[in-house]
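In case you want the letters, here they are:
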Amino acid sequence: MILIDGKKAAAELRQELKEEVSELKKKYNQVPGLTVILIGDLTPSQIYVRNKEKSAIEVGLKSDVIRYPDSVEEKTVLGKIEELNKDNSVSGILVQLPLPKHIDKQKVIEAIDPAKDVDGFHPMNVGNLSSGYESSIPCTPLGCYLLIKKIEPNLNGKKAVVVGRSNLNGKPMTQLLLKENCTVTITHSKTKDLKAECLEGDIIVAAVGIPELVKGDWVKKDAIVIDVGINKTEKGIVGDVAFDEVSKVAKALTPVPGGVGPMTIACLLKNTIDCFKRSQKN
Ligand code: NAP
C-alpha cells in the first residue's frame, strides 16, 4: 500500500512555487501578494492564519494579515475588501472563516474580486469550475486532486466516489474529477447504501466529518482513498476513513494527519501565484 505523504508533496509544491516566485520577480519586478482578513480571536483560525502567513513568506510572497475584533461592523470589512480589490500589490484576498454571526458570509465572499478570490468560493469561480473554464479552485479539493494525480496520472474512465457534497470540498472535488473524465458518484447524508456506492469506486474521496466512517469492507481492492476528514476523538485526530482497515485493501491512502491537510495551505499559495499570473496576462 502506498502511504500518500502529504507533507512531502506539500514541501515539493512549495519548493516549485518558491522557484516560480523568484522567476516572476525577475520578470515583473513584483511578487504576488496575499492578504488575509482575520476577524475575532478563535484559536483554530489564529493558528490557520499564522501557518498561512509563515508558508507565504517561505515561498517569497508578500504576505499581510488584517485583524479585526469580533465586534467589527460588516460595512468596515466590505470597505476593506473594496480597497484591497483596487490595490495592485494584492493578488489574492482571503477572509478566514468562520465569521461572527452578524456578518453575512455570502456578502463577504461576493465582495471579493473573483480575480483575487484565492479560496475559489466566489459564485463566478464556482460557475467557471463547473463549466470547465479557468478559475480559482478551492484549496483542499485542489490538494486532493494533485495527490490523486501523483498516484494515477491518467484518470480517464475511472469510477470516483465523493462522500460529502459541501461547497468547500465535495462539490468542487466532483468537478475536478469530472474534468479528468472520471465517472463520478457524489454521495451525502441521504444516500441509501453508502457502502455499496463506495465499493464501486476506483477512487474514493471522503469529506464528511464523521470519524472512520469509511470501513475496510467498503473499499474495492486497489482503490485510491483520499481522507479529507479531521475529527477530534478520544484517541486523537482521526479522519473519515478507518485507516487500519482500509490500508489493508487500498492501493494508496492518505493518513490523517499528514495527508490532505498540508496540501491545503500549499494550494492557497499556488492559487495566489495563479491569480497574479492571470492579472499580468490581462
Ligand atoms: P460539511 O460542510 O459539514 O459537509 C459534510 C458533508 O458530509 C455533507 O454533504 C453531508 O451531507 C455529508 N454527510 C454527513 N453525514 C453523512 C453520512 N452519514 N454519509 C454520507 N455523507 C454524509 O463538511 P466539510 O466542510 O466538507 O468538511 C468535511 C471534513 O473535512 C471535516 O472533518 C472537516 O474538518 C474536514 N476538512 C479538512 C480540511 C483539510 O485541509 N484537510 C479542510 C476542510 C475541511 P448533507 O449535505 O446531506 O448534509
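A. Looking closely at the overall build of the chain. What the chain contains, in helices and strands, is ten helices and eleven strands. The C-alpha radius of gyration computed for the chain amounts to 19 Å, which stays within 12% of the reference 19 Å derived for 282 residues, consistent with globular compactness. For the C-alpha atoms alone, the extent of the chain along its principal axes is close to 55 × 45 × 35 Å. Each of the 282 residues in the chain was classed as buried or not, and the buried ones make up 49%. Summarising the internal contacts of the chain: among those between residues at least 6 apart in sequence, 69% fall at separations of at least 24. A distance of 1 Å separates the average location of the 40 positive side-chain charges in the chain from that of its 37 negative side-chain charges.

B. Here's a closer look at the nonpolar core. Among the nonpolar cores identified, the biggest contains 50 residues, and Ile148, Met173, Leu177, Ile203, Val205 and Ile226 are the most heavily contacted of them. The leading source of residues in this core is helix 10 (residues 260-281), at nine residues. Here this core spans two domains, since at least three of its residues come from each of domain 1 (28-113) and domain 2 (139-261). Counting residues in hydrophobic clusters, the runner-up holds 16 residues, among them Cys198, Ala206, Val214 and Val241.

C. Up close: the packing of aromatic side chains. For the structure on display, the rule yields one aromatic pair. Measuring from centroid to centroid gives 5.7 Å for tyrosine 28 and phenylalanine 276, while their planes differ by 80 degrees, and the two rings are edge-to-face. Here tyrosine 28, found in helix 1 (residues 6-28), pairs with phenylalanine 276, found in helix 10; they are 248 residues apart in sequence, far enough to count as distant. For phenylalanine 276, a relative accessible area of 1% gives the class buried.

D. Quick look at the state of the cysteines. The tally for this structure, following the rule as stated, stands at zero disulfides. You can see cysteine 144 has no disulfide; the closest cysteine sulfur is in cysteine 267, sitting 8.7 Å from it. With no disulfide partner, cysteine 267 has as its closest neighbouring cysteine sulfur the one in cysteine 139, 6.5 Å distant. Using a relative accessible area of 0% as the deciding quantity, one classes cysteine 267 as buried.

E. The pairing of strand 7 (residues 203-206), seen in detail. Side chains Ile203 and Val205 project from strand 7 onto one buried face, and the interleaved Ile204 and Ala206 project onto a second face that is buried too. Pairing analysis gives four bridges linking strand 5 (residues 159-163) to strand 7, with the strands arranged parallel. Among the inter-strand pairings, valine 163 is bridged to a residue of strand 7, identified as alanine 206.

How each quantity is defined
- Residues numbered from 1 in each chain as written.
- Predicted model: local features only at pLDDT ≥ 70, side-chain atom pairs only at ≥ 80, totals over all residues.
- Heavy atoms only, no water.
- Helix = DSSP H or I, 4+ residues; strand = E, 2+ residues; numbered from the N terminus.
- Rg over C-alpha atoms; globule rule 2.2 N^0.38 Å.
- Buried < 20%, exposed > 50% of the residue type's maximum accessible area, 1.4 Å probe, protein only.
- Contact = heavy atoms within 4.5 Å.
- Lys, Arg positive; Asp, Glu negative; His and termini not counted.
- Charge placed at Lys NZ, Arg CZ, Asp CG, Glu CD.
- Core = buried A, V, L, I, M, F, W, Y, C linked by side-chain atoms within 4.5 Å.
- Domains from an automatic or database assignment.
- Phe/Tyr/Trp six-rings, centres within 6.5 Å; stacked < 30°, edge-to-face > 60°.
- Disulfide = S-S within 2.5 Å.
- Pairing = 2+ DSSP bridges.

Everything listed here is a matter of geometry and, on its own, says nothing about what the molecule does.
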